[in-house]
Amino acid sequence: MNVQTKILIIDDDQRLGRTIENVLKSNGYGVCFANNGALGIQKAFEYNPDLILCDINMNPIDGYQVYNVLKESSLIDRTPFIFITGNSDLQDIRFGLNLGVDDYFVKPFDNSNLIRSIEKRLSKYRRLKEIGKQEFKALFKLSPYGIFLFDGNMIFEANPALVRILELDATKLTSYSIREILDIASFQKIEVRIHKCTKGLLNSFSENVSLASRNGQKKQVFLSVSVYEKYSNHTLMMGLVIQNPSNETVADVYVSEILKILKKENIVVTDAMGKKLTDILRIHTVKIKKQASIFSDRENQVLHLSMEGLPIKTIADKLSISDRTVEKHRSSMMGKTNSKNMIEVIVYALRNNLIDL
Amino acid sequence: MESKNILIGGGISRTELKMVRFTEFNEVEYSRIISAISHDISNPVAILKSNIQLLSNNFSKNENELNREILSMCDESAEELVRFLDNIRLINLSIKSIITPKIALFKIDDILNDRFLDIEKLSLNPKRIFIRSNPEFTEISSDLEFIRQILFNLLTNALKFSRAEVTLSISSTEASLEIEVQDFGVGIPENEVDEIFNPFFRGSNVKKTPGMGLGLSIVKALTKSLGGKIYLLSLINQGTILRIVLPNERAN
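Residues numbered from 1 in each chain as written. Chains lettered and ligands numbered in written order. Predicted model: local features only at pLDDT ≥ 70, side-chain atom pairs only at ≥ 80, totals over all residues.

1. Some thoughts on the overall build of chain B
Logical step 1: Secondary structure summary: chain B contains five helices and eight strands in total.
Logical step 2: Long-range pairs, those at least 24 residues apart, make up 74% of the contacts in chain B with a sequence separation of at least 6. (Helix = DSSP H or I, 4+ residues; strand = E, 2+ residues; numbered from the N terminus. Contact = placed C-beta atoms within 7 Å.)

Printed below as a string of structure tokens:
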């Protein structure tokens, strides 16, 4: 059966926090409540929630800082993050969405709306996770380079390419530990960093290492390790093994090679997978398809000036058009984005990368 | 007596209606205060509203009537606070010029549909409202929700400050939509006519009637955003005619 969905509430108003906790609990969610920002960050790591609800206005660490700290950690950077705010100001929303926050909830709210919005975020998150997993499986099998998953020690899974590189019996590979596939000196060189990854102190690292000798010869490989997924009591890491690294364009070759394979297999590279790839390679960004802008040039100008909070009159003056024309452009943008007001247009544009800040 | 006739005899020429100039007020300061208030009361209001909902979910099918009544009074009061919050936030947004109407074509008859008659909630006896809707053009391009909100505020004001009947007339031409609300109530002192549209301003003759002074400032904010104009004629203790003229966006 389904594991209970866990939600972390971070709010320095004890009564509001408890209230939301009760609302969520009565709807069957598991809840953890932290009554300040610092505790919230700590709980996020301990509790490993599926979604975080966070107040903005807190002292001394506010919601934005909580978000920034958590985003830095690859362990929870994909967890949906919803801000709860008492302020419906444009400034706040702009700032939050610029940070990459998933949603906003303006107090007061309807209990059922809160639940609906949470469910929407969760289902999107689950879907992305599922797509990521499928993509990973495809990549895993097809990659010309060795990939393996391990928990800092034991290897859980390895792809056919790694089996080839290690010249091992495929059926036995998963009974090995990382220590056993590397030569002793190489393992010692990276041991501390692996440990750091398991503790969430490091996201990824790369090193030239030697494989444990078989048939008397030591193979030199380039090893890249990245945290893959964090569970409540262990961390799953992904290792990438590239044979005969020529120092210049390993990553280039790798990226183009993978893209070729993906194209051949008709696999679309989405955000999550692109990010995973760049995390490992940290050199090249996989081009992620961006939605073409739906606004005209003039509409874009109006949008940017509106985002500066300028009144209609000033916008009209700046663009040498009439107030009514400014209104028309705004209405047209609202029509295109199905929004009720300019804030929603801005929110839409930010979400869909239609504008830079 | 002549001016009284203008007010009471509905059909007489309304040439004395004057366009309302909107006086300047310290918008930055208002905005700052509204932000502070809305921030500080949003938590308690959120807590009240959520917990009332939780409590009502916990009620059993045969919960006693008294408890139900108590909770429903709490709920209505909390809703009133929510509306207040929504209103001051709307005013704040309008001060910052970030409300923009969503223009669409709609039937003028739709303005007064059943949903609009939510006005019954206000226990102000809407049966006193007489509607004269006789639009020449049956469709208009504007923002239906904004217009409903303008009307709602005008009617609640009219009902609140008069005991007699209230007339609502809606008419249209190809170029514009006109909404007029007439009451036979307390009226607005002449020297306060411009200021009455500022947020939190209350006429000196209605201090004893409860209210926040937000209704007309919302009417003004929404009318402005629709590119409309406000005309007014008011006489103390005789009544008020308030006319909103909104452009038909399609005609432009």
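Now, onward.
2. Describing the interface of chain B and chain A
Logical step 1: Contacts between chain B and chain A engage 25 residues on the former and 29 residues on the latter.
Logical step 2: Secondary-structure elements contributing two or more residues to the side of chain B that touches chain A are α2 (27-58) and α3 (65-95) of chain B.
Logical step 3: No other element matches α2 of chain B, which puts 14 residues into the side of chain B that touches chain A.
Logical step 4: Of the residues assigned to the side of chain B that touches chain A, the class counts are nine nonpolar, twelve polar and four charged. (Nonpolar A, V, L, I, M, F, W, Y, C, P; charged D, E, K, R; others polar.)

3. Some remarks on the nonpolar core
Logical step 1: One finds Ile7, Ile52, Leu53 and Cys54 of chain A together with Ile150 and Leu154 of chain B to be the most contacted residues of the largest nonpolar core, which totals 88 residues.
Logical step 2: Take this core: its biggest share by element is ten residues, from helix α4 (residues 144-161) of chain B.
Logical step 3: With near-sequence residues (within four places) excluded, Ile52 of chain A lies in contact with Leu8, Ile10, Ala44, Thr79 and Phe81 of chain A. (Core = buried A, V, L, I, M, F, W, Y, C linked by C-beta atoms within 7 Å. Buried ≥ 20, exposed ≤ 12 C-beta atoms within 10 Å, placed from the backbone.)

4. Description of the pairing of strand β4 (residues 139-142) of chain B
Residue and element names in this part refer to chain B.
Logical step 1: Burial along β4 is one-sided: the face carrying Ile140 and Ser142 is buried and the face carrying Glu139 and Ser141 is not.
Logical step 2: One ladder, built from four bridges, connects strand β2 (residues 104-107) with β4; its direction is antiparallel. Paired with Leu105 across the strands is Ser141, a residue of β4. (Pairing = 2+ DSSP bridges.)

5. Digging into the sheet that holds strand β3 (residues 51-55) of chain A
All names here are of chain A.
Logical step 1: Pairing in this open sheet of five strands is parallel, and the strands run β2-β1-β3-β4-β5 from one edge to the other. This sheet does not close on itself; its edge strands, each paired only once, are β2 (30-34) and β5 (103-106). Strand after strand, the sheet turns through a mean of 20 degrees between neighbouring axes, direction not considered.
Logical step 2: Bridge count for strand β4 (residues 81-85) against β5 is four bridges, and the pairing is parallel. Looking across to β5, one finds that Ile82 is bridged to Asp103.
Logical step 3: The strands touched by helix α1 (residues 14-25) are β1 (6-10), β2 and β3; relative to β2, the strand with the most contacts, the crossing angle is about 175 degrees. (Axes fitted to C-alpha atoms, helices over the stretch in contact; angles between N-to-C directions.)

6. Regarding unusual backbone geometry
Logical step 1: In this model, Asn59 of chain A is joined to Pro60 of chain A through a cis peptide bond whose omega is -5 degrees.
Logical step 2: On the secondary structure map, Pro60 of chain A appears in the loop between β3 and α3 (63-72).
Logical step 3: Along the chain, Lys107 of chain A connects to Pro108 of chain A via a cis peptide bond; the corresponding omega equals -5 degrees.
Logical step 4: Tracing the sequence through the fold places Pro108 of chain A in the loop between β5 and α5 (111-142).
Logical step 5: The phi angle at Asn48 of chain A is positive, at roughly 50 degrees, despite the residue not being glycine.
Logical step 6: You can call Asn48 of chain A partly exposed: it has 18 C-beta atoms within 10 Å.
Logical step 7: Positive phi outside glycine occurs at Phe200 of chain B, with the angle close to 70 degrees.
Logical step 8: Structurally, the position occupied by Phe200 of chain B is in the loop between β6 (176-183) and α5 (215-225).
Logical step 9: Given 14 C-beta atoms within 10 Å, Phe200 of chain B falls into the partly exposed group.

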